[in-house]
Amino acid sequence: NAIGGTGGGTQDIDIAAGNVVSATVDTSTNDFTFSNPSATGRSCSFVLILTNGGSQTVAWPASVDWAGATAPTLTSSGIDIICFTTIDAGTIWYGFSAGLAMG
C-alpha cells in the first residue's frame, strides 16, 4: 500500500489495502487514522515505512498505546519503520518503532 506524499491533513491507513504501508511526510501537520482492522479476537497488524516523518508534525490516533506512553521521535530526513498491532478491532493499537533513522 504505497500512499506516496501525505500532503498534510488527515491521512487514513486502510488496512484492507495492505499491511505494509509506505508514505512520505512532505507538508504541514499530518494526522494519521487507521481503518478496517480485523474483528475483535483476531490479530491485525501493519508496518508503516515512513519517510521524513520528523520534518513536520505527525499525530497518531488516541487509540495508539506507545511504550512508556510516548510516541517515537521520528527522523527528519530518513526512514522510520513503525509497527502497529491490535486484537480488539482497533480499540487499542499497540505501536512501537522497529527501526528509526534507517536511511
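Model, not experiment: these values are computed from the prediction.

Cut-off values and rules
Residues numbered from 1 in each chain as written. Predicted model: local features only at pLDDT ≥ 70, side-chain atom pairs only at ≥ 80, totals over all residues. Heavy atoms only, no water. Helix = DSSP H or I, 4+ residues; strand = E, 2+ residues; numbered from the N terminus. Rg over C-alpha atoms; globule rule 2.2 N^0.38 Å. Buried < 20%, exposed > 50% of the residue type's maximum accessible area, 1.4 Å probe, protein only. Contact = heavy atoms within 4.5 Å. Areas by Shrake-Rupley, 256 points an atom, 1.4 Å probe, with all protein chains shown as cover. Core = buried A, V, L, I, M, F, W, Y, C linked by side-chain atoms within 4.5 Å. Pairing = 2+ DSSP bridges.

S.K.: Run through the overall build of the protein chain, naming residues and quoting values.
M.R.: On a plain count of helices and strands, the protein chain comes out with 0 helices and 9 strands. Going residue by residue from the N terminus, the α and β elements of the protein chain occur as β-β-β-β-β-β-β-β-β. Compactness check: the protein chain gives a C-alpha radius of gyration of 13 Å against a globular reference of 13 Å for 103 residues, within 12% of the reference. For the C-alpha atoms alone, the extent of the protein chain along its principal axes is close to 40 × 30 × 20 Å. Taking all 103 residues of the protein chain together, the buried fraction comes to 35%. Once local pairs closer than 6 in sequence are excluded, the contacts in the protein chain between residues at least 24 apart make up 53%. For the protein chain, the exposed surface amounts to about 5,000 Å²; the carbon and sulfur share of it is 52%.

S.K.: Would you mind going over the nonpolar core in detail, with residue names and values included?
M.R.: Phe34, Phe46, Leu48, Leu50, Trp60, Phe84 and Trp93 are the most contacted members of the largest nonpolar core, which has 19 residues in total. When residues of this core are traced back to their parent elements, those giving at least two are β3 (20-24), β4 (30-35), β5 (44-51), β7 (64-66) and β8 (79-86). Top element by residues in this core is β5. It accounts for 4 residues. Other than its neighbours up to four places away in sequence, Phe46 contacts Ile13, Ile15, Asn19, Val21, Phe34, Ile82, Cys83, Phe84 and Trp93.

S.K.: Tell me what's going on with the environment of Asp65, and back it up with residues and numbers.
M.R.: Tracing the backbone through its elements, the reader meets Asp65 in strand β7. Sequence separation between Asp65 and Trp93 is 28 residues, and the spatial gap between their C-alpha atoms is 5.9 Å. Once residues within four sequence positions are removed from consideration, Asp65 is found in contact with Ile92, Trp93, Tyr94 and Gly95.

S.K.: Let's hear about the pairing of strand β9 (residues 93-99): which residues, and what values?
M.R.: The sheet contact formed by β7 and β9 spans 3 bridges and is parallel. Residue pairing across strands places Trp66 opposite Gly95, the latter belonging to β9. By the bridge criterion, 5 bridges tie β8 to β9 in an arrangement that is antiparallel. Bridge pairing links Thr85 to Tyr94 in β9. A loop of 6 residues connects β8 with β9, the two strands running antiparallel in sequence, and Ala89 in this loop sits at a positive phi of about 60°.

Scope: geometric values only; no functional claims are made or implied.
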